[in-house]
Structure formats: structure tokens, C-alpha cells
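# Architecture and fold: a report
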Amino acid sequence: MKFFIDTAEIEEIKSLSELGLVDGVTTNPSLIYKSGKDFKKVIKEISTIVEGPISAEVTSTDCQEMIAQGQELAKISNNIVIKVPLTADGLMACKKLSSNNIKVNVTLCFSASQALLAGKLGATYISPFIGRLDDIGTTGLNLIKEIVHIYNTYKKDIKTEVLAASIRSPLQVSQVASMGAHVATIPPKIIYQMIKHPLTDIGLDTFMNDWKKTGQKF
Ligand code: G3P
């Protein structure tokens, strides 16, 4: 499973890239707002750090404007993926951009039937938001399972990858991996949480102390 990093914070992207854990980056208008940086500049900057796909989201709800914005954003670098919302206008923009060889990530997906539409219209990625479904008392993970199943059933026609988004815990990352999601977009904090385990820390302390006790030098 590929790891995309869900952030527009340059320092976080740099640190995780050094760790070798960044296959791509996803952003959205809220993450751009949080970064306090200029949208196009920050996308350009990310593209100088990361070779993999970088999702940049359109800021209009109108199909023609989404297409124009998508075409402009795609010029920033050849690894830009255009994020469009799962609306009728967004789906039309998805079809048009995809047919012009621009990769599209259809975002704000909350049902398998929505995902089916994005798949039929040539999206490169579909982004089901699992955490936000959990927030309203439904099981977000079930959606990943359902979409993976549908896409696998029609894999001759649907090439769209399932990009599990709105991830809130390390457990959800392993759960979406075991369900066959192609990609998980993960907030940096969760990547660091994934590394940590108390038994690793305790075990390492013991090994280091026992090594000291041997009195040997490496
Ligand atoms: O990039 C979209 C998605 O990952 C947002 O997550 O935590 O704002 O629901 P969240």
C-alpha cells in the first residue's frame, strides 16, 4: 500500500521524505489555510521535494472553473493530481480532465455508489473519508471494504485506486491495508504514532543497558 501524507506543512513533508515514507502528498483548502502559505507556491514547493503524486484541490464548485483551475494547477509540475469534489460538476470535470491525461482525485466520497461513479468516469483516485463517517456514528471502514470489492469486481473497466482518507489512528491504517486500499493518506502525527510501541522502547532500553554491562566497545 502506498503512503501519501495528508499535509501542506513543508517541514513535515521533508522529515517524512527523509524517512522514506512519502509516496505522495494530499492537500485540501483547509490544510492550505492551516499552513498559512500561498496555495500555488506551496504546491510548487512540495513538488520540489516529492516525486510522487501531489493532490491539489480546485477551489470552485463550477465545472468549467474546476477544469480551468485543474489545467492551471497541472502545469505546476508533472506529478500534480487535481482534486475535485464528488458533485455532478466535479464528476464532469473529472471526466474532462482525465480524458486530457490529467490525473484526478475525486474527494469527499461518503458512499460506494458515489465511488462507482468516479470509477466509471476515469478518476485516478477516489478518496473515501473514513474518519468523518465515524464522526457521525457510522463505520467508515465498511466503505473502504465495499469500494475495494466493487472496483475489484470490475477491474477490467475500473482502474481507479482507493485512497483511504480522513484517517485518525494507526489502527485504521493497518485496517485499510488489510482491506486492500491502494493508498492511505495519513496525517504526519499518525505516521509517528505508527512507529512507536512501548514494548519496543522497553526492549531497546534493556538491550542498551545489557550492552553497557558487557563492557565491550563496538
Ligand atoms: O485530505 C482529506 C482528508 O484526509 C481530510 O481528513 O481529518 O479533515 O477528515 P479530515
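We now turn to the structure provided with this report. (Residues numbered from 1 in each chain as written. Predicted model: local features only at pLDDT ≥ 70, side-chain atom pairs only at ≥ 80, totals over all residues. Heavy atoms only, no water.)

### A closer look at the pairing of strand β4 (residues 80-85)
Among the six residues in β4, six count as buried, and that is most of the element. Neither face of β4 is exposed, since Ile80, Ile82 and Val84 on one face and Val81, Lys83 and Pro85 on the opposite face are all buried. Running through helix α4 (residues 63-74), the crossover from strand β3 (residues 54-57) to the neighbouring parallel element β4 is right-handed. (Buried < 20%, exposed > 50% of the residue type's maximum accessible area, 1.4 Å probe, protein only. Helix = DSSP H or I, 4+ residues; strand = E, 2+ residues; numbered from the N terminus. Right-handed = clockwise from strand over helix to strand, strands pointing away.)

### Considering the packing of helix α1 (residues 10-18) against helix α10 (residues 188-195)
Two elements in contact, α1 and α10, have axes whose closest approach is 10 Å; the angle formed by their N-to-C orientations is 35°. Our pair here, α1 against α10, has a crossing hand that is left-handed. Across from Glu12, Ser15 and Leu16 in α1, the residues of α10 making contact are Pro188, Ile191 and Tyr192. The residue makeup of the contact of α1 with α10, split by class, is four nonpolar, one polar and one charged. (Axes fitted to C-alpha atoms, helices over the stretch in contact; angles between N-to-C directions. Left-handed = near helix turned anticlockwise from the far one by under 90°. Contact = heavy atoms within 4.5 Å. Nonpolar A, V, L, I, M, F, W, Y, C, P; charged D, E, K, R; others polar.)

### So, the site of the ligand
Inspection of the region around the ligand gives Asp6, Asn28, Lys83, Phe129, Arg132, Ala165, Ser166 and Arg168 as its neighbouring residues. Separating an oxygen atom of the ligand from a side-chain N or O atom of aspartate 6 is a distance of 2.5 Å. In the model, an oxygen atom of the ligand is placed 2.9 Å from a nitrogen or oxygen of the arginine 168 side chain. Within the complex, 83% of the 310 Å² of free accessible area of the ligand lies under protein. The class makeup of the residues in the shell around the ligand is two nonpolar, two polar and four charged. (Near = heavy atom within 4 Å. Polar contact = N/O pair within 3.5 Å; in protein donor to acceptor, adjacent residues only side chain to side chain. Areas by Shrake-Rupley, 256 points an atom, 1.4 Å probe, with all protein chains shown as cover.)

### Quick notes on the nonpolar core
Within the largest apolar cluster, 60 residues are counted, with the highest numbers of intra-cluster contacts made by Val84, Val106, Ile126, Ile147, Tyr151 and Val176. With seven residues, helix α8 (residues 140-153) is the single largest residue contributor to this core. In terms of nonpolar packing, the next biggest core, distinct from the first, is built from five residues, Phe4, Val81, Leu163 and Val183 among them. (Core = buried A, V, L, I, M, F, W, Y, C linked by side-chain atoms within 4.5 Å.)

### Remarks on unusual backbone geometry
If you check the backbone angles, asparagine 101 has positive phi at about 65° while not being a glycine. Turning to its location among the elements, asparagine 101 is positioned in the loop between α5 (88-99) and β5 (104-109). Classification of asparagine 101 as exposed rests on a relative accessible area of 73%. The phi dihedral of leucine 108 is positive, around 60°, even though this residue is not glycine.

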